[in-house]
Amino acid sequence: MANQLYADVILPLALQASYTYSVPDELKAKVEPGVRVVVSFGKRKLYSAIVYKLHTVKPQVSQVKDILQVIDTSPIVLPGQFKLWEWIAEYYMCSLGEVMKAALPSGLKMESDTYVASGDVDEMDLTDEEMALIHLLGQKRKLTIQQLTEKSGIKHPMSIIKSMLERKLLFITEEIEADYQPKTESYIALAPEYSDEKKLCELIDLLGRAPAQQRLILAIASQATIPNDLSTARVPRRTLLEKVDVSSSVLKSLIDKGIVVQEEVTTSRLKPSSNDDVARNPLPLEDFQIKALGEIKAQFGSHDVVLLHGVTSSGKTELYIHLIDEMVKGGKQVLYLLPEIALTTQIISRLRKVFGDRVGVYHSKFSDAERVEVYLKMLSREPYDIILGVRSSIFLPYSSLGLIIVDEEHENTFKQYNPAPRYHARDTAIVLAKQSGAKVLLGTATPAVETYYNARGGKYGLVNMLERYSGLELPSTIIVDTRDARKRKRMKLHFSDTLLNAIEKAIEQKEQVILFQNRRGYAPFIECADCGWVPHCEHCDVTLTYHKHTNQLTCHYCGFGMEQLGSCLACGSSNLQPKGFGTEKVEDELALFFPNAIIERIDLDSTRSRSSYERIISGFEQGKIDILVGTQMVSKGLDFDRVSLVGILNADNMLNFPDFRAFERSFQLITQVSGRAGRKEKQGLVIIQTSQPDHPVIKSVVDKNFISFWEWQLAERNRYHYPPFYRLIRISLKHKNKVVLEATAENLAKTLRHLLGENVLGPEPPIVSRVQGLYILEILVKIKREQPLQRIKDFVGHSILMLRQNRETVSVIASVDVDPY
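No experiment lies behind these values; they were computed from the predicted model shown.

Attention now moves to the overall build of the chain. Per the secondary structure count, the chain includes 25 helices and 36 strands. With the C-alpha coordinates of the chain rotated into their principal frame, the extents come out at 90 × 70 × 65 Å. The buried share of the chain, reckoned over its 821 residues, is 52%. Contacts in the chain between residues far apart in sequence, at least 24 positions, make up 74% of those at least 6 positions apart. Working note: accessible area of the chain is about 39,100 Å², and carbon and sulfur atoms make up 48% of it. Measuring between centres, the 102 positive side-chain charges of the chain sit 3 Å from its 101 negative side-chain charges.

In structure tokens:
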């Protein structure tokens, strides 16, 4: 008797590494690592799982469930992907299931829905309410319990449904269906017997009294892709009807007669290159770029990772295109990682002008079906040569990866915060490249402190590109002291006279302006001017942000919202005033000063859809917008020829943020957004409004001295035990009961201090100490570089496992974030 075959599978759940199922004999030929299978988990839930390993070792459990179905004919997860998943799970202290959930598009993950169906019933024994439920199920065939209760119109339907389930008048069924369905389009072709030219001519003669049918048949015949071979004639149904201008009834008549046939053809949802995207050679580089390109290639000879430190507008993108071109010509794939979806709109047009449809785009603004199609194309025999995308692009299946470009490598948006896996795409890309035998190029004008430390220390190669393209000058900078300006009555609302005059001059000269305010909404909060009451979120420890456009007070943490109040809920006064300002308020106030200017806003609220991103960015690029107001989205590498002025409305809210990276991020943001200023024939201007004009960060930005700033930050990090000298692990604990949470957090911190001593900080509440009704406490673990990281992570993981196995603390939610900031 042959040994029983077992499969370890990964489920898309935050559970142990894998679960073991037996492989039925009839499925053995179909099961292999990387394919999806349907399995039962728990009492009745069905999931699609990924086969991880096959073996013949029987698990030590009383009953092993069978795999129910094999979904795929070939693996959708490759061995190299499993290798990356394993590293992410180990390094970032999460489960393989959590990695799977992040790695695969939703359309490739399946989970059963619970439906209610009616059994055999004698209607004589039913109450009116029960009859109503049975009839509803008879009409709809199957409904979830929630759908059944909502559609029933019965008061307290759950008690009735429960009674009917107990009496077996209703029963529960689990059904699993694929979310992704290939897109199909109807095509019209000539029936095989009329693909002969002679028979077709006879047919045309027979239809002499039906000119509409004649026109339609001739239109189909004209689409033959091979001359004189009518069997290759095929045209989309919609196109045919529009082109010939006949009604669908004419076409139906021909189908009914068997003269033409309608076929459903699978088509792609992915947008092809436009006619403007004609493949061409990369643009020629300037001398300083050629020198940098040569240095990068030389550094790749001795380093797997190279940092390109190039000032803003130095032409890094064009240099990337030359590197990509060489890689693709050598038969290698390239991953081009961007920190922000907004950037893909501008970069994709530049890449497609050189590489056409060899470029694929992958990000969350695509529909799930589109993401599935990109994923499946990467598994096909003709995958994309280049993928342009955000952090999730590292999970795509690459077959011959040669280069990963991480543009704006310093950006914190490369870090996934919630849910797990809490990975950093830049660091994970370096591991992916090492596993694939590829090289990594990190590009930025403002390197992360740790990245520059690694480059200066020789771990990474370092190439500097400190000139701007076409001899463009770096912008000049004016600092406006807002405290002094207010004293002198030189502030109007949130704008200094200096900034308003500069905006007016730019608009008069047909130039464009970018204004940066790193806070969305109209006002951070509303306050009663009489009693000082401020509306807070019911579920989180934060004030509600006022959005004038929707007239809503909204929590940016849990989504709770309410309509703007007419009166104070504490004293009844109607004197409610917005405090502070966000991008929406800036947009409103600008319209008062510049009523004839075209003003647009780019932030999370104004760019919910992919089309809104593209509309705003292309509109600004084409000069249709005079002033663009935005959050940090406007700082991330966008390139506009007509921008002569950049205004930073409030540098203080970045500088005063309680985070050890606050100064680093402030320097990066201000430098990056400043870099958008400047035209080929004219030096740009940056105006920074701040109440701290003598702050070291502001001085470093004005002096354009990254090195002195980096040395200052490095000394601070060393003194206070922060990266790159120490690693960090943050443990977050959440519970609805504050007392239980505090006791649990104190006990965990005490346990950790037994091994790690004073390098365990906390527990302390974060800035927002309650979210969605749960109180939060955090413990920060600092680990010296020379300490055994894996041993400490194992100890932390074991300590948290003890919490989860303790009856008194099992309800406390614990999460771990490695390299949290």
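Alright, that's what it looks like, and here's the rest.
If you walk through the whole model with that rule in mind, you get 19 aromatic pairs. On the numbers, 6.3 Å between centres and 75° between planes, the contact of F41 with Y47 is edge-to-face. When the centroid spacing of 5.1 Å and the interplanar angle of 5° are considered together, the rings of W87 and Y91 count as stacked. Here the residue W87 and the residue Y91 both occupy positions in helix α1 (residues 79-91), the gap between them amounting to 4 residues, near one helical turn. Within the aromatic cluster, the residues linked to one another by ring pairs are Y452, F663, F667, F706, F709, W710 and W712. A cation over a ring is seen here: K377 above Y384, with NZ or CZ 5.1 Å from the ring centre. The ring of Y722 is capped by K782, whose NZ or CZ atom sits 3.9 Å from the centre of that ring.

Attention now goes to the sheet that holds strand β28 (residues 599-602). Taken in spatial order, the 6 strands line up as β19-β31-β30-β22-β29-β28 in an open sheet, and their pairing is parallel. The sheet is open, and its two borders are formed by β19 (476-481) and β28, each paired with just one other strand. Pairs of neighbouring strands in the sheet enclose a mean axial angle of 20°, with direction left out of account. Bridging between strand β22 (residues 512-516) and strand β29 (residues 627-630) involves 4 bridges; their strand directions are parallel. Within the sheet, the bridge partner assigned to V513 lies in β29 and is I627. Packing of helix α21 (residues 662-674) onto the sheet brings it into contact with β22, β30 (643-648) and β31 (685-690), and relative to β30 it is tilted by some 155°.

We now examine the sheet that holds strand β8 (residues 183-190). A sheet is described by the order of its strands in space; here 4 strands give the open sequence β9-β10-β8-β11, paired in antiparallel fashion. Here the strands that pair on one side only, and so sit at the sheet edges, are β9 (224-226) and β11 (260-267). Neighbour-to-neighbour, the strand axes of the sheet open up by a mean angle of 40°, direction not taken into account. Relative to strand β10 (residues 229-236), β9 runs antiparallel, the two sharing 2 bridges.

The next point concerns the nonpolar core. Counting residues in hydrophobic clusters, the biggest one holds 144 residues, and the most contacted among them are W85, I404, I731 and L733. Other than its neighbours up to four places away in sequence, L733 contacts L741, A745, L748, Y775, I776, L777, I779, L803, V812, I813 and A814. Membership of the second largest hydrophobic core comes to 25 residues, among which are L207, I217, L241 and V260.

A few words now on the packing of helix α24 (residues 738-756) against helix α25 (residues 789-805). In contact at an axis separation of 11 Å, α24 and α25 are set at 150° when each is read in the N-to-C sense. Regarding the angle of α24 to α25, the classification is roughly antiparallel. Classified by chirality, the crossing of α25 by α24 is right-handed. Within the contact between the two elements, α24 uses T744, L748, T751, L752, L755 and L756 and α25 uses R791, I792, F795, V796, S799 and L803. Among the residues forming the contact of α24 with α25, the class breakdown is 8 nonpolar, 3 polar and 1 charged.

As a further point, take the pairing of strand β13 (residues 333-337). Counting buried residues along β13, 5 of its 5 residues qualify, which places the element largely inside the surrounding structure. Burial of β13 is two-sided: the residues Q333, L335 and L337 facing one way and the residues V334 and Y336 facing the other way are all buried. The sheet contact formed by β13 and strand β16 (residues 401-407) spans 5 bridges and is parallel. Residue pairing across strands places L337 opposite V406, the latter belonging to β16. In this structure, β13 lies alongside strand β15 (residues 386-389), joined through 4 bridges in parallel fashion. Pairing of Y336 across the sheet is with L388, part of β15.

By secondary structure assignment, the location of E174 is in strand β7 (residues 170-175). Each C-alpha atom, one on E174 and one on K365, is 31 Å from the other, the two residues being 191 residues apart in sequence.

Where like charges cluster on the molecular surface, the negative patch consists of D196, E197, E202 and D205. As for its placement among the helices and strands, D196 is situated in the loop between β8 and α6 (197-206).

Looking at the secondary structure, you find Q214 in helix α7 (residues 211-221). Among residues more than four places away in sequence, those in contact with Q214 are I204, L207 and G208.

On to the confidence of the model for the chain, then. In the predicted model, the chain carries a mean pLDDT of 88, and 96% of its residues have values of at least 70. Within the chain, the lowest mean pLDDT, 75, falls on β9, and the highest, 98, falls on helix α14 (residues 425-436).

Remark: α21 packs on helix α23 (residues 706-719), axes separated minimally by 11 Å, with the N-to-C direction vectors making an angle of 165°. Considered as vectors, α21 and α23 are oriented roughly antiparallel to each other. The two elements α21 and α23 cross, and the hand of that crossing is left-handed. Across from F663, E664 and F667 in α21, the residues of α23 making contact are F706, F709, W712, Q713 and R717. In terms of residue class, the contact of α21 with α23 is made up of 5 nonpolar, 1 polar and 2 charged.

Quick notes on the rules
- Numbering of residues begins from 1 in every chain and follows the order in which that chain's sequence is written.
- Totals for whole chains, interfaces and linings use every residue, but because this is a predicted model, local features are given only for residues with pLDDT of at least 70 and side-chain atom pairs only at 80 or more, for both listing and counting.
- Side-chain metrics rest on all non-hydrogen atoms present in the structure, leaving aside hydrogens and water.
- Numbering of helices and strands starts at the N terminus; helices are DSSP runs of H or I of at least 4 residues and strands are runs of E of at least 2.
- Think of it in three bands: residues with accessible area under 20% of the maximum for their type are buried, residues over 50% are exposed, and the middle band is partly exposed, with areas taken using a 1.4 Å probe on protein chains only.
- By definition, residues are in contact when any of their heavy atoms lie within 4.5 Å.
- Here the open area of atoms and residues is found with the Shrake-Rupley method and a 1.4 Å probe, where only the protein chains shown may cover a residue.
- Under this rule, positive means Lys or Arg and negative means Asp or Glu; His and the chain ends count for nothing.
- By convention, the point assigned to a charge is CZ for Arg, NZ for Lys, CD for Glu and CG for Asp.
- When two rings of Phe, Tyr or Trp (its six-membered ring) have centres within 6.5 Å they constitute a pair, described as stacked for plane angles under 30 degrees, edge-to-face for angles over 60, and tilted for the intermediate range.
- A ring is scored as having a charge over it whenever the NZ atom of a lysine or the CZ atom of an arginine sits within 6 Å of its centre and within 35 degrees of its normal.
- In this scheme, strands are said to pair when DSSP sees at least two bridges between them.
- For helices, the fitted line uses only the C-alpha atoms of the stretch in contact; every axis is such a line through C-alpha atoms, and the angle between N-to-C directions lies from 0 to 180 degrees.
- Only buried Ala, Val, Leu, Ile, Met, Phe, Trp, Tyr and Cys residues count toward a nonpolar core, and they belong to the same one when joined by side-chain atoms within 4.5 Å.
- Orientation categories follow fixed angle ranges, with anything under 35 degrees roughly parallel, anything over 145 roughly antiparallel, 65 to 115 roughly perpendicular, and all other angles oblique.
- Should the near helix be turned counterclockwise from the far one by less than a right angle, the crossing is left-handed, whereas a clockwise turn marks it as right-handed.
- In the scheme used here, Gly and all other residues not listed as nonpolar or charged are polar, with Ala, Val, Leu, Ile, Met, Phe, Trp, Tyr, Cys and Pro taken as nonpolar and Asp, Glu, Lys and Arg as charged.
- Patches draw on residues past 30% relative accessible area with no salt bridge. Two like charges within 9 Å are joined, as are two nonpolar side chains (Val, Leu, Ile, Met, Phe, Trp, Tyr) within 5 Å.
- Any Lys or Arg side-chain nitrogen located within 4 Å of an Asp or Glu carboxyl oxygen qualifies as a salt bridge.
- Every residue gets a pLDDT, meaning the predictor's confidence in that residue, from 0 to 100.

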